[in-house]
Number of protein chains: 2
Amino acid sequence: MKIGILGTGMVGTTIGSKLIKLNHEVKLGSRAADNPKAIEWVKQAGANASQGTFTDAAAFGEIIFNCTKGDASLAALQQAGAANLAGKILLDVANPLDFSRGMPPTLIPEFANTTSLGEEIQKAFPETKVVKTLNTVNCNLMVDASLVAGEHDLFICGNDKAAKERVIQMLQQDFNWTSIIDLGDITNARATEMILPLWVRLYGYLQTPNFNLKVVS
Amino acid sequence: MKIGILGTGMVGTTIGSKLIKLNHEVKLGSRAADNPKAIEWVKQAGANASQGTFTDAAAFGEIIFNCTKGDASLAALQQAGAANLAGKILLDVANPLDFSRGMPPTLIPEFANTTSLGEEIQKAFPETKVVKTLNTVNCNLMVDASLVAGEHDLFICGNDKAAKERVIQMLQQDFNWTSIIDLGDITNARATEMILPLWVRLYGYLQTPNFNLKVVS
């Protein structure tokens, strides 16, 4: 499948490399084409890898991953273009982290509590099927749930049932997720984004990003 | 031990009844003495149970539990009186839930993201040893961790190390908690309060309040 990835940081390149290994075609997008990180990634990732602008990546992909930083996501998606995103699944893995007040980060107030990044993206791109997931785990765990032994849970939400089913299938088959909790519509994104403040503290406590939560009942 | 409990709702009476069973003396406090719920509770709880105002309960207790609703906590504590709380452990189990926007609740903005109820209580009562814990689980689970089978975690935070150690001892011996994660100082309260939006959704998903999270690494 052709997949567009917006964002050339750790998250974007980690997901991109995994998808290439699974024989997908991946185009990595950034603000400007020929971003040095994107060129370097293409060199390492091989024949099915390419790079370009956000617009190029969105036009290319049948499914799009939003791997941009939360404070840049809406601008990146505007650059990608509503027409290039219309009718497609946008897998939103970003978090609205605010590092401007120091560490550990807080959430960007405009994307927290009474709304969320996932919700604001869905509002801005009503013809796109936004599916929020993977944002509660580190990028290495995103693409291989078995990195953390034992049972642990991934959350998913979004307004389009068929889109969520398609994403769940991908998470199971490609990324080894066995336990996925569908919280409902995209308004539930605020709940999963709001556990990030706990996540960053547990990262400090455990001294490893390879952890996750399990719901025990 | 003499324990003061602020709040006569489900949380306050559940904790109070458990502490009475453990042979502690408990005074339940509310805005006005002779609150019907408090009188009823005393009748059922027996000889070691009593009730009065917030001031009475705070003056009585060697340790104080804040079991008021988050939007009323600071006012209740002001009524309890800084002098009655000074030097004591205040076990803050409250959450700043905001039901004014409908269900599921959001958090009260003045107590979320860049601060928290726990932090604001500590700021308002600098001579009190505020320990935030138990706020991420239902009240029945608060007083008996074994209600949920298997391993699961409780978070604790606060500025006073000895106070936290004392509370951890109580949580282990009296409430059967076996896994307690000390996140650090009281600023970590914002992280545990911010998982409430996920908690309320998981309550809907699981259709039982008897669940908890386990950190898996």
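Basis of the calculations
Residues numbered from 1 in each chain as written. Chains lettered and ligands numbered in written order. Predicted model: local features only at pLDDT ≥ 70, side-chain atom pairs only at ≥ 80, totals over all residues. Heavy atoms only, no water. Pairing = 2+ DSSP bridges. Helix = DSSP H or I, 4+ residues; strand = E, 2+ residues; numbered from the N terminus. Axes fitted to C-alpha atoms, helices over the stretch in contact; angles between N-to-C directions. Contact = heavy atoms within 4.5 Å. Right-handed = clockwise from strand over helix to strand, strands pointing away. Buried area = accessible area lost by both parts, 1.4 Å probe. Salt bridge = Lys/Arg side-chain N within 4 Å of Asp/Glu carboxyl O. Polar contact = N/O pair within 3.5 Å; in protein donor to acceptor, adjacent residues only side chain to side chain. Least-squares fit on C-alpha atoms with pLDDT ≥ 70 in both.

Where an unreviewed UniProt entry is consulted, chain A appears under the name DNA-binding protein, with the organism given as Adhaeribacter aerolatus.

## Description of the sheet that holds strand β3 (residues 49–53) of chain B
Residue and element names in this part refer to chain B. Pairing in this open sheet of eight strands is mixed, and the strands run β3-β2-β1-β4-β5-β8-β9-β10 from one edge to the other. Whereas interior strands pair on both sides, the edge strands pair on one side only; in this sheet they are β3 and β10 (180–184). Between one strand and the next, the sheet's axes are offset by a mean angle of 25 degrees, whatever the strand orientation. The pairing of strand β1 (residues 2–6) with strand β4 (residues 63–66) spans four bridges and is classified as parallel.

## Quick look at the environment of Pro-104 of chain B
Residue and element names in this part refer to chain B. Relative to the assigned elements, Pro-104 resides in the loop between β6 (97–98) and β7 (106–107). Along the sequence, Pro-104 and Arg-201 sit 97 residues apart, while their C-alpha atoms lie 7.4 Å from each other. Once residues lying within four places of it in the same chain are set aside, the contact partners of Pro-104 are Val-200 and Arg-201.

## Observations regarding the pairing of β10 of chain B
Residue and element names in this part refer to chain B. For strand β9 (residues 154–158) and β10, the ladder comprises four bridges, and the chain directions are parallel. Paired with Leu-154 across the two strands is Ile-180, which belongs to β10. Taking the sense of rotation as the criterion, the β-α-β connection linking β9, helix α8 (residues 161–175) and β10 turns out right-handed.

## Description of the interface of chain A and chain B
On the chain B side, the residues contacting the 36 residues of chain A number 35 residues. Carbon and sulfur atoms supply 70% of the area buried between chain A and chain B, which totals about 2,900 Å² over both sides. Seen at the junction of chain A and chain B, the total is zero salt bridges. Seen at the junction of chain A and chain B, the total is seven residue pairs in polar contact (both at pLDDT 80 or more).

## Side note on the relation of the copies chain A and chain B
It takes a turn of 180 degrees to lay chain A on chain B, together with a shift of 0.0 Å along the axis; the resulting RMSD is 0.0 Å. This pairing of chains is accounted for by a two-fold axis. Comparing interface residues between copies, 97% of those in chain A also lie at the interface in chain B; the contact surface is shared.

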